[in-house]
Amino acid sequence: MQYQQLSSFPEQFMWGASISAYQAEGAYQEDGKLPSIIDEYQHDEDVAGFEVASDFYHHYKEDILLFKELGLKAFRFSIAWTRIMGKNPGETNEKGINFYHRVIDECLENGIEPIVTMYHFDLPYHLEEQGGWLNRQTIDCFLDYVKVLFAEYGDKVNYWLTINEQNTMILHPGAIGLPKDGSLPSKKELFQINHHVLLAQAQAIALYHQLDMKGKIGPAINLTAMYQATANPEDAIAAHNWETLRGWSFLDAAVRGKYNYLFEKYLNDRDIYPKIEAGDFECLAAGKPDFIAINYYSTATIAASKNDGSDVSARAGDQQIMLGEEGVYRAAENPYVDKTPYGWVVDPTGLRLTLRKLYDRYELPILITENGYGAPDTVGEDGKIQDNDRIDYLQKHIFVIQEALTDGVDVIGYCPWSAIDVVSTHQGFNKRYGFIYVDRTDKELKTLKRIKKESFYWYQKVISQNGLS
Ligand code: BG6
């Protein structure tokens, strides 16, 4: 639908940018931080580098001042569970707690709204050794951690995100590295893990509301609309399978407090339905989010399963991200979209569709907590970083957000990935997303100096005029 006039971005629109703790902070063994699974897992040695990452732990003041200069109204970051909790029940780490007080205070003093993710892929390793999320007790440990978060930062933070991309954790468990023995959980275990994470999330949300805290809380899911490859009705069914099993099933549990009917059938049919205890569904229903956060990068195009052993294929040659499922759906090419240098589909219109579908379904405010263009930026001879493809990508996505706002979708903010260059989940430091370049490579730490990219100046202008020209 085209309009004679587009709505403006609301005055309070949260123009932001995002990072996560383990991809930005570094200082992985400093000030009492415990090891997380990221620190202990096997990674591709050529591109890991989480030990120092962007060294945000030591550069946070300088970085937040740069964010202020960029004009950010909001900064989304995650807290490392391993930095603030000890190994024993009730034990906390003062130095870690104080670090996040300093980060939050620095944001507030500079007029930046902190948006805090509680959990971004980095489970404490000692919990992993006791079974990780497969062990129901991890839910209680998470709740102990969450209580510390609310007690320490509850009066300063207005926006809380519970779990980052639960669907990625379950659907692509190898994307953040492999356990020491190289083995990943079975499908049945993964859906048990999923159930426990849903319970942990619901309890965190319910607790927040019981405490009558001043802000809002919601999940952060990776959500993308999909297209059916052709008008073949079988492609339409496969596409619906995809949409339900990779997106809605996670959000239905989080927002509606119950398992989606098709998801239930899928789990039962494959004998991978998780063990549910008495009271679990009441618990899910009691934790209703105030808003939904989404990470949006690309769309998918889906065809009917051939069910001949060929339904699963690697996304853009990336063996960590396998797409398709035997007997359910398979990935297809879309001739109408571009791709990033890493083979990710670029589809701004798909964001508008995703926002519409999401709003149709739950009618909750939507915060976009990730969206971005990963590319190997380089510093030119003039010292500048011309990341025009990123500008083009972001500009087109911002335009469709404005269209979605005009459609009537309640989008409350936009936080592209990433505020500053960080280490990619599994494709290294040279896959950069930031507005600010960090002088290091996959192999060499170099100076870690911060350099503003062209996109920095461009986004600064967008924010200052509350939207595109
Ligand atoms: C999201 C994650 O899935 O995508 C981020 O929440 C991640 O942690 C981002 O960095 C981009 O993915 P990648 O694999 O390019 O780092």
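Structure report, in brief. Keep in mind it's a predicted model, so treat the numbers as computed, not measured.

## Some remarks on the pairing of strand β1 (residues 14–18)
The element β1 is extensively covered by neighbouring structure, given that 5 of its 5 residues are classed as buried. On β1, burial covers both faces: M14, G16 and S18 on one face and W15 and A17 on the other are all buried. With 3 bridges joining them, β1 and strand β2 (residues 74–78) adopt parallel strand pairing. Residue pairing across strands places A17 opposite F75, the latter belonging to β2.

## So, helix α5 (residues 94–109)
Taking 1.5 Å per residue, 16 residues should reach 22 Å; α5 reaches 22 Å between its end C-alpha atoms and fits that length. Buried within α5 are the following residues: G96, I97, F99, Y100, H101, V103, I104, E106 and C107. Those residues of α5 that are buried are in contact with α1 (21–24), α3 (56–70), β2, α4 (81–84), β3 (113–119) and α7 (137–153). Just beyond α5, the residue with positive phi is G111, at close to 70°.

## So, the sheet that holds β3
Overall, parallel pairing links the 8 strands, which are arranged β1-β2-β3-β4-β5-β7-β14-β15 in a closed barrel. Between one strand axis and the next, the sheet turns through 30° on average, direction left out of account. With 3 bridges joining them, strand β5 (residues 216–222) and strand β7 (residues 292–295) adopt parallel strand pairing. Paired with A220 across the bridge in β7 is A293.

## Description of the nonpolar core
Membership of the largest hydrophobic core comes to 140 residues, with the highest contact counts inside it found for F142, I294 and Y459. Of the residues forming this core, the biggest block, 12 residues, is contributed by helix α9 (residues 187–210). If sequence neighbours within four positions are ignored, F142 has contacts with W81, M118, Y119, W133, I163, A200 and A204. In terms of nonpolar packing, the next biggest core, distinct from the first, is built from 11 residues, M14, A74, A293 and I412 among them.

## A look at the site of the ligand
Near the ligand there are 14 residues, and of these Q23, E165, T425, K431 and Y433 occur at the shortest range. Between the ligand and Y297 there is a distance of 3.4 Å, counted from an oxygen atom to a side-chain nitrogen or oxygen. A distance of 2.5 Å separates an oxygen atom of the ligand from a polar atom in the side chain of T425. For the ligand, the accessible surface in isolation is 380 Å², of which the surrounding protein chains cover 95%. Its residues placed into classes, the shell around the ligand shows 5 nonpolar, 6 polar and 3 charged.

## Observations regarding the pattern of salt bridges
When the charged atoms of two side chains lie near each other, side chains of opposite charge can form a pair. Tallied over the entire structure, the rule returns 29 salt bridges. Across the pair D252 and R361 runs a salt bridge whose closest N-O atoms are separated by 2.9 Å. Note that D252 is positioned in helix α10 (residues 233–256) and R361 in helix α13 (residues 348–362), a separation of 109 residues in sequence. The class for D252 is buried, based on a relative accessible area of 2%. Between D387 and R390 there is a salt bridge, and its shortest N-O distance comes to 2.8 Å. For the residue pair D387 and R390, the accessibility class agrees, reading buried in each case. Several salt bridges share partner residues, and in doing so they unite D377, D387, R390, D421, R432 and K453 into one network.

Parameters and conventions
Residues numbered from 1 in each chain as written. Predicted model: local features only at pLDDT ≥ 70, side-chain atom pairs only at ≥ 80, totals over all residues. Heavy atoms only, no water. Buried < 20%, exposed > 50% of the residue type's maximum accessible area, 1.4 Å probe, protein only. Helix = DSSP H or I, 4+ residues; strand = E, 2+ residues; numbered from the N terminus. Pairing = 2+ DSSP bridges. Expected span 1.5 Å × (residues − 1). Contact = heavy atoms within 4.5 Å. Axes fitted to C-alpha atoms, helices over the stretch in contact; angles between N-to-C directions. Core = buried A, V, L, I, M, F, W, Y, C linked by side-chain atoms within 4.5 Å. Near = heavy atom within 4 Å. Polar contact = N/O pair within 3.5 Å; in protein donor to acceptor, adjacent residues only side chain to side chain. Areas by Shrake-Rupley, 256 points an atom, 1.4 Å probe, with all protein chains shown as cover. Nonpolar A, V, L, I, M, F, W, Y, C, P; charged D, E, K, R; others polar. Salt bridge = Lys/Arg side-chain N within 4 Å of Asp/Glu carboxyl O.

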